Amino acid sequence: MPEANLILLSGGKSSRMGQNKALLPVAGKANILRILDELRPAFNSCILVTNHPEAYRSIMPDIDMVPDLYPGLGPLAGIHAGLKASTSDCNLVVACDMPFVSKDLASFLVNQIADYDAVVPRLAGRNQPLFAVYRKRNLSMLETCLEEQMLRVNFFLTKLNVHYLDETALPKELDLERIFFNMNHPEEYEQVQKWASEKD
């Protein structure tokens, strides 16, 4: 696998959930620790992008934490902050609300980077840009998007040479529906708890 770093995004307000999604317990462990424990072995280092490091310092004392450099501009600003701080050109970006991420899929995606600017999975025709691989070399284009208020991650992707991978190109043995499931609402958290109890 090419040398790569892990970037965790935890900069959202969790307004729809009503509480911090990253810290919600899943099978007895804070969700963000669940994600970290699964993915960290596959990467050289990890960066947490958060504007509230005090919420995580006690449970993640050895993780580098950086704030958004363009606060309030959503996930694209988080990707920017993570890439800016990363020491690697190749990086896996992961949102903090995906409890069933897979190190096997993470490694698979990184291995597809070749000379592409990004590797982005697609599930049921929808891009999954918050479990995807990005190169740091595209920072200037990303900054242009932020400065021009073009804040959709999918818009940024149109500026890159992206390797898109749909279900037919992803490992067949993985439960892609669960891997890409993100919890934004209380009822989705209930579904996560149900799946976690079945699995764990």
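For the structure itself, consult the block above.
Okay, so let's go over this structure. (Residues numbered from 1 in each chain as written. Predicted model: local features only at pLDDT ≥ 70, side-chain atom pairs only at ≥ 80, totals over all residues. Heavy atoms only, no water.)

1. Brief notes about the pattern of salt bridges
Inspection of every chain in the model, using the stated rule, returns ten salt bridges. Here aspartate 37 ties to lysine 29 by a salt bridge, and the two come within 2.7 Å at their closest N and O atoms. Classification of aspartate 37 as partly exposed rests on a relative accessible area of 43%. Judged by its relative accessible area of 35%, lysine 29 is partly exposed. (Salt bridge = Lys/Arg side-chain N within 4 Å of Asp/Glu carboxyl O. Buried < 20%, exposed > 50% of the residue type's maximum accessible area, 1.4 Å probe, protein only.)

2. Some words on the environment of lysine 136
Looking at the element boundaries, lysine 136 is found in the loop between β9 (131–135) and α4 (139–147). Judged by relative accessible area, which is 24%, lysine 136 ranks as partly exposed. When the C-alpha positions of lysine 136 and glycine 74 are compared, they lie 18 Å apart, and in sequence the two are 62 residues distant. Ignoring anything within four residues of it in the chain, the contact list for lysine 136 reads Leu83, Lys84, Ala85, Ser86, Ser88, Asp89 and Asn91. (Helix = DSSP H or I, 4+ residues; strand = E, 2+ residues; numbered from the N terminus. Contact = heavy atoms within 4.5 Å.)

3. Observations concerning the nonpolar core
Of all hydrophobic cores here, the largest spans 39 residues; its most connected members are Leu8, Leu39, Met60, Leu92 and Phe131. When residues of this core are traced back to their parent elements, those giving at least two are β1 (5–9), α1 (31–39), β4 (46–49), β6 (90–95), α3 (103–111), β7 (118–123), β9 and α6 (176–179). With five residues, α1 is the single largest residue contributor to this core. Excluding anything up to four places from it in sequence, methionine 60 contacts Leu8, Ile32, Leu33, Leu36, Leu48 and Met65. Among the nonpolar cores identified, the runner-up in size contains 26 residues, and Ile47, Leu83, Ala118 and Leu139 belong to it. (Core = buried A, V, L, I, M, F, W, Y, C linked by side-chain atoms within 4.5 Å.)

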